[in-house]
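Chains, contacts and geometry: an overview
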Amino acid sequence: MKNFLAPRRLLLGPGPSNVHPRVLQALATPLVGHLDPTFLNVMNDIQALLRRVFSTTNQFTIAVSGTGSAGMEAAVVNVVEPGDAVIVGINGVFGTRLAAIVERCGGKVIRVEVPWGQVIEPDTIAAALRQSSPVKALALVHAETSTGAWQPLEPISALCRQYNALLIVDAVTSLGGIPVEVDRWGMDICYSATQKCLSCPPGLAPLTLSERALSIVKNRRSPCQSWYFDLSLIAAYWTEHNRAYHHTAPISMLYALREALRLIEEEGLPARFARHQLNSRALLAGLMALGLDQLPPSDRQLPTLICVTIPAHIDEAAVRSQLLELFGIEIGGGLGPLKGKVWRIGLMGESSTEANVLTLLNAMEEIGIRSEWVSTPGAALQAAAHIYSGGDKV
Ligand SMILES: *Cc1c(COP(=O)(O)O)cnc(C)c1O
């Protein structure tokens, strides 16, 4: 069997995103034991850095072993017990997944559904809480990666307090790309994943819990149905001065996450958010000049994931495969009801650069010229350049 040589790829899909060479280098750091005193310092560093990206002082801030779905599972299985009512906002794939996990815990799901691409308005959530109270929790997806919709969270926290419901937030495609204010927005449980806006390989799920959530975890009527994700057991490993064995930590992945978080610290969150904003505006301007329309309403469009609908005269799958084969660029297609109807373009973390936006637009334009759906060559680059030169300031 030959060596696997990975082709050069520009990762502009819904994740994973491109990874900085310093993060790849960290993965090659020699192993130490996961209870080695030097490794415990690595964990302390990660916890401190994660609290900063989550904007929280929560003591319980850790990285769950596993991808984003492991974070989702850990967030749900620890608080939902059989018979508990949970309101789940459903406007895409990931809200649907949250509801499925709640059901597997024996929870009673109260679905608040809106069409894919829309967000769930605070009034709708207020009405659901009023009608269904008491509920154990409300679960929302901050950045719905299947549609590009940016869910407002700020007005929700007061509602959750009023009805004594925990607020669970999926910040997988938002953390490190747009503001995620765990404390200020009153989130009780928030989880993410390393391979999206944190620009680290997949394999860890950052997770933070408020004191209110922790006391619910500690006072369960029955033990958590998942032993692996039981946070009351995992807490012992992540608590300083304790560090008892639960399962072997994914040591190399934690090295990588520490380096990815150091890079974020060096850039600074405000600069990072501004970079994501600017590049998404430029990309959108270019895509519109190519005759594509954004799926979510403009004021609900995520800067980290752009979802555009495709006119019937464009062969969706053919363009994606040409982008990959001719240009080494990966973008995503639609999921579920949006299959074949949209492209999902991720501008996450390291992947969100001016060079990448212009490279993608140029490649799409070239493909469009060959397939005769681009009639004014240069329009897409011009529209993006206009944004980069300071046009249409928002
Ligand atoms: C990617 C994603 C997940 C799942 O993460 P995996 O790493 O694929 O397990 C969950 N929620 C959202 C919003 C996502 O984008």
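Everything below is about the structure printed above this text.
In this report, we go over the structure that sits alongside the text. A quick note: this is a predicted structure, and the numbers were derived from the prediction, not measured.

Here we take up the overall build of the chain. Check the secondary structure of the chain and you find 13 helices and 15 strands. Against the globule reference of 21 Å for 394 residues, the chain gives a C-alpha radius of gyration of 21 Å, in line with a compact fold. Here the chain holds 394 residues, and the buried ones make up 58% of them. In the chain, the proportion of contacts linking residues at least 24 apart, taken out of those at least 6 apart, comes to 71%. Split by element, the accessible area of the chain, about 16,400 Å² in all, is 55% carbon and sulfur. For the chain, the separation between the mean place of its 32 positive charges and that of its 34 negative charges on side chains is 4 Å.

This part is about the sheet that holds strand β11 (residues 293-294). Taking strand neighbours across the sheet as the criterion, the four strands line up as β11-β12-β15-β14 in an open arrangement whose pairing is antiparallel. In this open sheet, the two edge strands, each paired with only one partner strand, are β11 and β14 (332-333). Relative to strand β15 (residues 342-346), strand β12 (residues 305-309) runs antiparallel, the two sharing five bridges. Across the sheet, Leu305 pairs through a bridge with Gly346, a residue of β15. Where helix α10 (residues 269-289) meets the sheet, it contacts β11, β12 and β15, and its direction lies at approximately 10 degrees from that of β12.

Right, let's get into a nonpolar patch on the surface. On the surface, Trp227, Tyr228 and Leu233 cluster together into a nonpolar patch covering about 310 Å² of accessible area. Relative to the helices and strands, Leu233 resides in helix α8 (residues 231-238). The class for Leu233 is partly exposed, based on a relative accessible area of 35%.

Around the ligand lies a shell of 14 residues, among which Thr67, Ser69, Thr145, Asp170 and Lys196 are the nearest. Between the ligand and Thr67 there is a distance of 2.6 Å, counted from an oxygen atom to a side-chain nitrogen or oxygen. Between an oxygen atom of the ligand and a side-chain N or O atom of Lys196, the distance comes to 2.7 Å. A total of 380 Å² of accessible area belongs to the ligand in isolation, and the protein chains cover 90% of it.

Another aspect to go through is the environment of Tyr388. Following the sequence through the fold, Tyr388 ends up in helix α13 (residues 379-388). Here Tyr388 falls in the buried class, since its relative accessible area comes to 17%. Taking the C-alpha atoms as reference points, Tyr388 and Gln162, separated by 226 residues in sequence, lie 44 Å from one another.

Overall, mixed pairing links the seven strands, which are arranged β2-β10-β9-β8-β5-β3-β4 in an open sheet. A single partner strand is all that each edge strand has here, and the edge strands are β2 (61-65) and β4 (108-113). Within this sheet the neighbouring strands show an average axis-to-axis angle of 20 degrees, counted without direction. The pairing of strand β3 (residues 85-90) with β4 spans six bridges and is classified as parallel. Residue Ile90 lies in a different strand from β4, and its bridge partner there is Glu113. Sheet strands in contact with α8 are β2 and β10 (204-209), and its direction is about 115 degrees off that of β2.

This brings us to empty space enclosed by the protein. Taken as a whole and judged by the stated rule, the model has two cavities of 30 Å³ or more. Residue assignment for the lining of the largest cavity shows that the elements contributing at least two residues are β2 and α8. Counting residues per element, the lining of the largest cavity draws most heavily on β2, at four residues. Across the lining of the largest cavity, the residue classes tally to nine nonpolar, two polar and no charged. Within this model, the second largest cavity holds a volume of roughly 40 Å³. Around the second largest cavity, the lining residues are His20, Val23, Leu198, Ser199, Ala260, Leu263, Ile264, Arg272 and Glu350. Tallying contributions element by element places helix α9 (residues 251-267) first for the lining of the second largest cavity, with three residues. Taken together, the residues that form the lining of the second largest cavity break down as five nonpolar, two polar and two charged.

Further remarks concern the layout of surface pockets. Taken as a whole, the largest pocket encloses approximately 340 Å³ of empty space. Around the largest pocket, the lining is made up of 16 residues, and of these Pro7, Arg8, Arg9, Leu11 and Asn18 lie nearest the centre. Residues that form the lining of the largest pocket fall into these classes: eleven nonpolar, three polar and two charged. A volume near 300 Å³ is recorded for the second largest pocket. Contributing to the lining of the second largest pocket are 16 residues, with Gln277, Arg281, Leu284, Ser298 and Gln301 lying nearest its centre. Here the element with the most residues in the lining of the second largest pocket is α10; it accounts for six residues.

So, how was this worked out
Residues numbered from 1 in each chain as written. Predicted model: local features only at pLDDT ≥ 70, side-chain atom pairs only at ≥ 80, totals over all residues. Heavy atoms only, no water. Helix = DSSP H or I, 4+ residues; strand = E, 2+ residues; numbered from the N terminus. Rg over C-alpha atoms; globule rule 2.2 N^0.38 Å. Buried < 20%, exposed > 50% of the residue type's maximum accessible area, 1.4 Å probe, protein only. Contact = heavy atoms within 4.5 Å. Areas by Shrake-Rupley, 256 points an atom, 1.4 Å probe, with all protein chains shown as cover. Lys, Arg positive; Asp, Glu negative; His and termini not counted. Charge placed at Lys NZ, Arg CZ, Asp CG, Glu CD. Pairing = 2+ DSSP bridges. Axes fitted to C-alpha atoms, helices over the stretch in contact; angles between N-to-C directions. Patch = residues over 30% accessible without salt bridge, like charges linked within 9 Å, V, L, I, M, F, W, Y side chains within 5 Å. Salt bridge = Lys/Arg side-chain N within 4 Å of Asp/Glu carboxyl O. Near = heavy atom within 4 Å. Polar contact = N/O pair within 3.5 Å; in protein donor to acceptor, adjacent residues only side chain to side chain. 1 Å grid on protein atoms, 1.4 Å probe; cavity = no way out; pocket = protein on both sides within 12 Å on 5 of 7 lines; lining within 4 Å. Points joined across faces, edges and corners; volume = space filled by probe spheres on them. Nonpolar A, V, L, I, M, F, W, Y, C, P; charged D, E, K, R; others polar.

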